[in-house]
Amino acid sequence: MADQLSPDEKFHLITRNLQEVLGEDKLKQILQERELKVYWGSATTGKPHVAYFVPMSKIADFLKAGCEVTILFADLHAYLDNMKAPWELLELRVKYYEQVIKAMLESIGVPLEKLKFIKGTDYQLSREYTLDVYRLSSMVTEHDAKKAGAEVVKQVEHPLLSGLLYPGLQALDEEYLKVDAQFGGVDQRKIFTLAEKYLPSLGYAKRVHLMNPMVPGLTGAKMSSSEEESKIDLLDSKEDVKKKLKKAFCEPGNIQNNGVLSFVKYVVFPLRGEFSIKRDPKWGGDKVYTAFEEVEKDFAEELIHPGDLKASVETALNELLEPIRKKFESPELRKLTNSAYPGASKTTGNCLHAEREDDELAPSRLDIRVGKIISVDKHPDADSLYLEKIDVGEPEPRTVVSGLVAYVSQEDLQDRTVLVLCNLKPQKMRGIESQAMLLCASIEGEPRRVEPLDAPEGSSPGERVFVEGYETGKPDEKLNPKKKVWEKLQVDLKISDECVAQWKDKQLMTKLGQITCKTLKGGNIS
């Protein structure tokens, strides 16, 4: 097909539905001379969801236009972005992404043999690339690096240096992948302009940048891997798809921030060329639309009911997801999914057959936070108990009743940074409600030895503590005491011989590093 297209027709295919193109004239010039070389990269962090069909449909357009397309699995970027992917899981995440992205492309009819797949660490650890990172870091200011990553790299109060490196590495990828253009979401625009500014300073060419709009999620905001309610997972069952679409924001007549309508525009029409609304004859009967503008107009004028739109999108979406679900029914891919996302991947419906026995006991269910003790007072009705007021990042400090003063002096506890379990059911201790639990290391014996756990230096109240490999899981709002979730998880919380807090040999961490104690090697955590 591409051989029969004129340069103008190729340009139309490449740019349709994009929000912005930087370097249109250069794009047109290249198409007059040869086929475009373009790459799309994805950091291998959270599990891909249905919004990934938007770039997949554009990749289909690129191939129809004769482009040479490279897909980059950006594993090093995933690690640099606030450790969204722990180092030991990088390889597994890459394998998962490769399998699921290929399954998506196959489900929309894209021939995989026309694509080139590459992993970031295949070339980003080379001597030449590393030297260019240093060269670039001598030119890019901290202000420019932070600004470039503002909408892509996770923003935290105490940013890691790795997050500042991220935009520069993405710029260098354009040169090392030998492409003419980079394709991504409009949220990456500042990274693209950083590349245009600094690559020529290294003696490299300025590239074309192709930007997709950001597709609203089901809640009306950006669809995100880390927000369960905003997304439909690629492995969600038909029942889950129906349930999530039913809850989706889709106000009658409102065409703004409508994730259901956006899916029709950016996925269904580019792939199918038409969209069918199924409805009762008394409400107008079935109708086939051949242009998105007609769908949008009828919805805005309330000629299409939100329920009918959702039901029709549900049908179209399940047609795309069914081949992916079937592929991931294999034991090998079920095992890969659970290994790449331990504890964070909920198995639903008939898709993955709920194989993991320990999903119910994922440590991510615990809401452990960094806290700061702001006052310590004696319990009025118990000599051995004290009341600690602890800042855990909420408007008001929490009251914690504990006997820690028997092991650590009252003066040493004042203003100390500690770890606090925040989602236990509050319970009264000698008439005063304890609203959380102080977590400490301990060794039984005569005498019993107890030490508070230590967060990394620079940690702030409210920062979340996670177990390696479980960083994306969502804590329970309140742990059900009847299920004894804390008690079952607590059994495997230990202090290593290096005084590092662990759960089943995986480290407890914040974004700044490991949780430790001072001296109690081999102790328990309670």
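- With an unreviewed UniProt entry as reference, the chain is termed Tyrosine--tRNA ligase, source organism Amphiprion ocellaris.
- As its UniProt record puts it under Catalytic activity (unreviewed entry), the chain is described as follows: "tRNA(Tyr) + L-tyrosine + ATP = L-tyrosyl-tRNA(Tyr) + AMP + diphosphate + H(+)".
- Quoted verbatim from the Sequence similarities (unreviewed entry) field of the UniProt record, the comment on the chain reads "Belongs to the class-I aminoacyl-tRNA synthetase family."

### A short note on the packing of helix α11 (residues 259-272) against helix α13 (residues 306-327)
Then comes step 1: As a packed pair, α11 and α13 sit with axes 11 Å apart at the nearest point and diverge in direction by 45°. Of the possible angle classes, the one that applies to α11 and α13 is oblique. For the crossing formed where α11 meets α13, the hand is left-handed. For the pair formed by α11 and α13, the contact residues are Val260, Leu261, Phe263, Val264, Val267, Val268, Leu271 and Arg272 on the first element and Leu309, Lys310, Val313, Ala316, Leu317, Glu319 and Leu320 on the second.
Then comes step 2: Residue composition of the contact of α11 with α13, grouped by class: twelve nonpolar, no polar and three charged.

### Details of the packing of aromatic side chains
Pairs of aromatic rings are described using the distance from one ring centre to the other and the angle between the two planes.
Then comes step 1: If you walk through the whole model with that rule in mind, you get ten aromatic pairs.
Then comes step 2: Centroid distance Tyr123 to Tyr129: 5.6 Å. Interplanar angle 75°. Geometry classified as edge-to-face. Each member of the pair, Tyr123 as well as Tyr129, is classed as buried.
Then comes step 3: Ring geometry for Phe269 and Phe292: centres 6.3 Å apart, planes at 80°, overall edge-to-face. In this pair, Phe269 is assigned in helix α11 and Phe292 in helix α12 (residues 292-300), connecting sequence segments 23 residues apart. A single burial state applies to Phe269 and to Phe292, both of which are buried.
Then comes step 4: What links up through ring pairs into an aromatic cluster is the set Trp40, Tyr52 and Tyr97.
Then comes step 5: Over the ring of Phe11 we find Lys28, and its NZ or CZ is 5.0 Å from the ring centre.
Then comes step 6: It is Lys102 that lies over the ring of Phe117; its NZ or CZ is 4.8 Å from the centre.

### Observations concerning the nonpolar core
Then comes step 1: Counting residues in hydrophobic clusters, the biggest one holds 77 residues, and the most contacted among them are Phe53, Ile59, Ile101, Leu210, Leu309 and Ile324.
Then comes step 2: If one sorts the elements of this core by residue count, α11 sits on top with nine residues.
Then comes step 3: Apart from the residues lying within four places of it in its own chain, the contact partners of Leu309 are Cys250, Val260, Leu261, Val264, Phe275, Ile277, Phe299 and Ile304.
Then comes step 4: Counting residues in each nonpolar core, the second largest holds 32 residues, with Val179, Ile191, Ala195 and Tyr198 among its members.

### Side note on the pairing of strand β11 (residues 398-402)
Then comes step 1: Most of β11 is tucked away, with five of its five residues classed as buried.
Then comes step 2: The two faces of β11 match: Arg398, Val400 and Ser402 on one face and Thr399 and Val401 on the other face are all buried.
Then comes step 3: In sequence, strand β10 (residues 386-391) turns back onto β11 through a hairpin of six residues, with Gly393 there showing a positive phi of about 85°.

### Quick look at the sheet that holds strand β2 (residues 37-43)
Then comes step 1: In spatial order, the strands read β1-β6-β5-β2-β3-β4; together these six strands make up an open sheet with mixed pairing. The open sheet terminates on both sides in strands that have one partner only, identified here as β1 (20-22) and β4 (115-119). Geometrically, the sheet is characterised by an average inter-axis angle of 25° between neighbouring strands, direction not taken into account.
Then comes step 2: The pairing of β2 with strand β3 (residues 68-74) spans seven bridges and is parallel. Pairing of Trp40 across the sheet is with Ile71, part of β3.

### Things to note about the UniProt feature "domain: TRNA-binding" (unreviewed entry) in the chain
Then comes step 1: The sites that UniProt annotates as "domain: TRNA-binding" (unreviewed entry) are residues 362-466.
Then comes step 2: The distance separating the terminal C-alpha atoms of residues 362-466 is 11 Å; by composition the span is 4% helix and 44% strand.

### Focus: the environment of Leu453
Then comes step 1: Tracing the backbone through its elements, the reader meets Leu453 in the loop between β17 (449-452) and β18 (464-467).
Then comes step 2: In this structure the C-alpha to C-alpha distance between Leu453 and Tyr123, which are 330 residues apart in sequence, comes to 40 Å.
Then comes step 3: Leu453 has contacts with Thr417, Val418, Leu419, Leu439, Cys440, Ala441, Ile495, Ile515, Thr516, Cys517 and Ile525, leaving out every residue within four places of it along the chain.

Conventions adopted
- Residues numbered from 1 in each chain as written.
- Predicted model: local features only at pLDDT ≥ 70, side-chain atom pairs only at ≥ 80, totals over all residues.
- Heavy atoms only, no water.
- UniProt positions renumbered as here; feature names shortened; annotations may be inferred.
- Axes fitted to C-alpha atoms, helices over the stretch in contact; angles between N-to-C directions.
- Helix = DSSP H or I, 4+ residues; strand = E, 2+ residues; numbered from the N terminus.
- Parallel < 35°, antiparallel > 145°, perpendicular 65-115°, else oblique.
- Left-handed = near helix turned anticlockwise from the far one by under 90°.
- Contact = heavy atoms within 4.5 Å.
- Nonpolar A, V, L, I, M, F, W, Y, C, P; charged D, E, K, R; others polar.
- Phe/Tyr/Trp six-rings, centres within 6.5 Å; stacked < 30°, edge-to-face > 60°.
- Buried < 20%, exposed > 50% of the residue type's maximum accessible area, 1.4 Å probe, protein only.
- Lys NZ or Arg CZ within 6 Å of the ring centre and 35° of its normal.
- Core = buried A, V, L, I, M, F, W, Y, C linked by side-chain atoms within 4.5 Å.
- Pairing = 2+ DSSP bridges.

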